[in-house]
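# Residue-level structure breakdown
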Amino acid sequence: MSKDNFLYPRGRYYGHVKPENLVFNANLQEFAQRISYICNLETGGKLTPDEAYEQIKVLWKQLKKTKKQLQIGESPFENDDRENPT
């Protein structure tokens, strides 16, 4: 097992397989991992609550930007199965 796989484990994606969904899922997993580290550092006294909040705020803005760029959820009622609409 590589160091990166140990430190940054990735879960399998079970949702609708589209490139944008896979990219967003990878970004979401990285976001969750980083949030966990920040929370642990704050709990351990290595970060102040204000520092932790600011870091989480930056990560959240990055995730929102990625979601917008990938247009995730832009057309929630659009049928993904274009050949066989129901």
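Since the structure is predicted, the reported quantities are computational estimates derived from the model, not experimental observations.

Here is what the cut-offs are and how they apply
- Residues numbered from 1 in each chain as written.
- Predicted model: local features only at pLDDT ≥ 70, side-chain atom pairs only at ≥ 80, totals over all residues.
- Heavy atoms only, no water.
- pLDDT = per-residue confidence, 0-100.
- Contact = heavy atoms within 4.5 Å.
- Patch = residues over 30% accessible without salt bridge, like charges linked within 9 Å, V, L, I, M, F, W, Y side chains within 5 Å.
- Areas by Shrake-Rupley, 256 points an atom, 1.4 Å probe, with all protein chains shown as cover.
- Salt bridge = Lys/Arg side-chain N within 4 Å of Asp/Glu carboxyl O.
- Lys, Arg positive; Asp, Glu negative; His and termini not counted.
- Charge placed at Lys NZ, Arg CZ, Asp CG, Glu CD.
- Helix = DSSP H or I, 4+ residues; strand = E, 2+ residues; numbered from the N terminus.
- Buried < 20%, exposed > 50% of the residue type's maximum accessible area, 1.4 Å probe, protein only.
- Phe/Tyr/Trp six-rings, centres within 6.5 Å; stacked < 30°, edge-to-face > 60°.
- Expected span 1.5 Å × (residues − 1).

### Here we look at the confidence of the model for the protein chain
- Per-residue pLDDT for the protein chain averages 87, and the proportion of residues at 70 or more is 85%.
- Taken as a whole, residues 82–86 scores under 50 in pLDDT and shows 3 contacts with residues more than four places along the chain or in a different chain.

### Some words on a positive patch on the surface
- A cluster of basic residues, Lys 57, Lys 61, Lys 64, Lys 67 and Lys 68, forms a positive patch on the protein surface.
- Within the secondary structure layout, Lys 67 lies in helix H3 (residues 49–70).
- On the basis of relative accessible area, Lys 67 is assigned to the partly exposed category, the value being 38%.

### As for the packing of aromatic side chains
- Going through the model one piece at a time under the given rule, you end up with 1 aromatic pair.
- Consider the rings of Phe 31 and Trp 60, whose centres lie 5.9 Å apart with planes at 55°: the pair is tilted. With Phe 31 in helix H2 (residues 19–43) and Trp 60 in helix H3, this pair connects stretches of sequence that are 29 residues apart.
- The exposure class assigned to Phe 31 is buried, which follows from its relative accessible area of 16%.

### Let's talk about H2
- Here H2 is 25 residues long and its end C-alpha atoms lie 36 Å apart, about the 36 Å a rise of 1.5 Å per residue gives.
- What H2 keeps buried is the set Asn 21, Phe 24, Asn 25, Gln 29, Phe 31, Ile 35 and Ile 38.
- Of the surrounding elements, those touching the buried residues of H2 are H3.
- With its phi angle positive at about 80°, Gly 45 sits one or two positions after the end of H2.

### Brief notes about the pattern of salt bridges
- Within the structure shown, the criterion is met by 2 salt bridges.
- Among the ionic pairs, Glu 20 bridges to Lys 18, the shortest N-O distance being 3.5 Å.
- Given a relative accessible area of 25%, Lys 18 falls into the partly exposed group.
- In this structure, the salt-bridge partner of Arg 34 is Glu 30, at a minimum N-O distance of 2.9 Å. Taken as a pair, Arg 34 and Glu 30 lie in helix H2 at a separation of 4 residues, close to a single helical turn.
- Using a relative accessible area of 41% as the deciding quantity, one classes Arg 34 as partly exposed.

### With respect to the environment of Ile 72
- Mapping Ile 72 onto the fold places it in the segment after H3.
- A C-alpha to C-alpha distance of 8.0 Å links Ile 72 and Phe 24, two positions 48 residues apart in sequence.
- Apart from residues no more than four positions distant in its own chain, Ile 72 is found in contact with Glu 20, Asn 21, Phe 24 and Lys 67.

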